[in-house]
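Each chain is listed here by its residues.
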Amino acid sequence: MSQTIEYGNLMHRALRRLIQEVLEDVRDNGLPGEHHFFITFDTRHPGVNIADWLMDRYPSDMTVVMQHWFDNLEITDDGFSVTLNFGDAPEPLYIPFEAIKTFVDPSVEFGLRFESQSDEDDLDEDEESASADVEEIDIPPAEPHAETETDTETADADVVSLDSFRKK
């Protein structure tokens, strides 16, 4: 048994479950209104399944957009699969929830960023458990008919770090 409660890990699990529930609702009911998602994930994460040409083009991170056209959205407890359009070529993807680095819905300025321990090298050893940041993100809407986002640029954001609430 651990000597501490790992709040960061618990928060990550809860927020990934939130993403799972949102995707399940989209699978069952479609995207409501102007909602759409930018999902950035680690292409090297175990379990990620993307075409070789996508892996060659995005050897570390990839951002996809779920907006106008997507198909075959399937969700499991561990991740989701979806077919997206890349230049008029449908490609199936499988993304484990643990591989997700950011999940953004710019239509309502909602975003989540998951930091890995490698992102937190400057923290003290006892603070190296995973932490979650909730962002207010100002991202311009995706261009019409743009189904994929190929870079990982981040828009200006006001980030509230949960670390700021930790006792020292």
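Look a little higher up for the structure.
Residues numbered from 1 in each chain as written. Predicted model: local features only at pLDDT ≥ 70, side-chain atom pairs only at ≥ 80, totals over all residues. Heavy atoms only, no water.

## Details of helix α1 (residues 7-29)
Spanning 23 residues, α1 covers 33 Å between terminal C-alpha atoms, matching the ideal 33 Å at 1.5 Å per step. Residue glycine 30 follows α1 closely and has a positive phi angle near 80°. (Helix = DSSP H or I, 4+ residues; strand = E, 2+ residues; numbered from the N terminus. Expected span 1.5 Å × (residues − 1).)

## Let's talk about the packing of aromatic side chains
In the structure shown here, the tally under the stated rule is 3 aromatic pairs. Directly above the ring of phenylalanine 114 sits arginine 16, whose terminal nitrogen or CZ lies 4.2 Å from the centroid. (Phe/Tyr/Trp six-rings, centres within 6.5 Å; stacked < 30°, edge-to-face > 60°. Lys NZ or Arg CZ within 6 Å of the ring centre and 35° of its normal.)

## What about the pairing of strand β6 (residues 100-105)?
β6 sits mainly inside the fold: 5 of its 6 residues count as buried. Here 4 bridges tie strand β1 (residues 37-42) to β6, and the two strands are oriented antiparallel to one another. In the sheet register, phenylalanine 38 faces β6, and the bridge partner there is valine 104. Pairing of β6 with strand β7 (residues 110-115), which is carried by 4 bridges, proceeds in the antiparallel orientation. Each bridged residue has a counterpart across the sheet, and for aspartate 105 the counterpart in β7 is phenylalanine 110. Remark: 4 residues form the turn of the hairpin made by β6 and β7, two consecutive strands paired antiparallel; glutamate 109 in that turn has positive phi of roughly 50°. (Buried < 20%, exposed > 50% of the residue type's maximum accessible area, 1.4 Å probe, protein only. Pairing = 2+ DSSP bridges.)

## Quick look at the nonpolar core
Ranked by internal contacts, the top residues of the largest apolar core, which has 29 residues, are Met66, Phe80, Leu93 and Ile100. Sorting the residues of this core by element identifies α1, β1, β2 (61-66), β3 (70-75), β4 (79-85), β5 (90-96), β6 and β7 as the ones contributing at least two each. Among the elements that line this core, the one with the most residues is α1, at 4 residues. Ignoring anything within four residues of it in the chain, the contact list for methionine 66 reads Leu23, Leu31, His36, Phe37, Ile39, Leu73, Phe80, Val82 and Leu84. (Core = buried A, V, L, I, M, F, W, Y, C linked by side-chain atoms within 4.5 Å. Contact = heavy atoms within 4.5 Å.)

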